[in-house]
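Letter by letter, the chains look like this.
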Amino acid sequence: MEKYVLEILEERRKSAENKASENLALALKDDKCKEAYSNYKALMIENAKNEAYNKPIDSKKQAEALDNLKKNLERIGLKQEDLFPKYTCSNCSDTGIFENKECECVKKIKSSELLKKSGLNFKPHTFNESNYTIFDEPDKINKFYNAMQMWCTTPTTTKNIIISGESGVGKSFLLECMLSELIEQKKYVLYTTAFTLSQNLLKYHTTFDAGKEAILAPYLDCDVLIIDDLGTEPMFNNISEEYLYLILNQRMFEQKPVIVSTNLALNEIQDRYGDRVFSRLINKKVSKLFFIENSDLRLKKNKNN
Ligand SMILES: [Zn+2]
């Protein structure tokens, strides 16, 4: 298990166990509670012994002792279960192992950490929530979404996905679904709007201290980079183009995918970002371009194909 997962689990365990110890300490400060607790505990031990030797257990006495303990705890504002650790995950008691396998909660921890890393500060939509009936041709959209979901789950030679279309055709929604799916696949996905990206590239250009590389690093390191709304961001002379090329070139070299949504047509991308960026983004070997028009969908083959 990854170190950060173990740390989170340990933190959860400690916090649950500390809380239980605190409650017990509080209960033992009260004399009547202390007495009831000692009685109950002694009875439990006795019964455990009896059980081991196949002797009869006085369950009535045990119930009475428990009842007495509960009443006394209640008097000081506690419940019986407050004396025991309340683990976040009741299956594995925050150990991460359940029935000799990695517990489901580990997957959740990983997903939420990946989501935090993704830069998205809200819970993204998922493919399960997609409603194709809002589109004029739901079957086509359904097919397209299925293909996009498949792309997220299956390794393919297509590294760049470019989704082009006017605003209001659900491009961002689709990107969110893809982000969710990729995180489900335990991928480190970085989501950025083109606006934030351009601001960061400007910052990178104008930073000259040790923090410089940390600005660019996530765009290079992430498994999948998602750039939303390319074409709406301000362009900075010699900066936007240069560093965008650097990112795309490096990612292409390492065969790491980039998903882009844009309101630009192919020739507009070329005009705006120049041939070098264009060739890294729209490349017949590794890129697929999709064009969504209004609520109708037309899947266009890459012109270079
Ligand atoms: Zn668990």
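S.K.: I would appreciate a short explanation of the domain arrangement of the protein chain in the present structure.
M.R.: Entries for the protein chain in the domain assignment read domain 1 (3-107) and domain 2 (119-298). Of note, the centres of domain 1 and domain 2, computed from C-alpha atoms alone, are 50 Å apart.

S.K.: How should the pairing of strand β5 (residues 224-230) be read in this particular structure?
M.R.: Remark: a regular strand shows side chains that alternate across the two faces of the sheet. For β5, a buried count of seven out of seven residues is recorded, marking the element as mostly surrounded by other parts of the structure. Relative to β5, strand β4 (residues 189-193) runs parallel, the two being bridged by five bridges. Counterpart to Val 189 in the pairing with β5 is Val 224. Summarising the sheet, β5 and strand β6 (residues 258-262) pair through four bridges and their orientation is parallel. Residue pairing across strands places Ile 227 opposite Val 260, the latter belonging to β6. After leaving β5, the chain enters helix α9 (residues 240-253) and then returns to the sheet as β6, a path that is right-handed.

S.K.: Mind showing me how you'd approach unusual backbone geometry here?
M.R.: Glycine aside, residues mostly have negative phi, and peptide bonds are mostly found in the trans state. The residue Asp 229 is not glycine, and still its phi comes out positive at about 70 degrees. Structurally, the position occupied by Asp 229 is in strand β5. Its identity is not glycine, yet Gln 255 carries a phi of approximately 55 degrees, on the positive side. Mapping Gln 255 onto the fold places it in the loop between α9 and β6. C-beta crowding within 10 Å serves as the criterion here: with 9 such atoms nearby, Gln 255 is assigned to the exposed category.

S.K.: When you look at the pairing of strand β3 (residues 160-165) in this model, what are you seeing that I'm missing?
M.R.: Counting buried positions over the six residues of β3 gives six, a clear majority of the element. Going residue by residue along β3, you find Asn 160, Ile 162 and Ser 164 tucked away on one face and Ile 161, Ile 163 and Gly 165 tucked away on the opposite face as well. As paired strands, β3 and β6 are joined by five bridges and run parallel to one another. The residue of β6 that forms the bridge with Ile 163 is Ser 261. Bridge analysis of β3 against strand β7 (residues 287-293) gives six bridges, and the strand direction is parallel. Within β7, the residue paired with Ser 164 across the bridge is Phe 291.

The rules behind the values
- Residues numbered from 1 in each chain as written.
- Predicted model: local features only at pLDDT ≥ 70, side-chain atom pairs only at ≥ 80, totals over all residues.
- Domains from an automatic or database assignment.
- Buried ≥ 20, exposed ≤ 12 C-beta atoms within 10 Å, placed from the backbone.
- Helix = DSSP H or I, 4+ residues; strand = E, 2+ residues; numbered from the N terminus.
- Pairing = 2+ DSSP bridges.
- Right-handed = clockwise from strand over helix to strand, strands pointing away.

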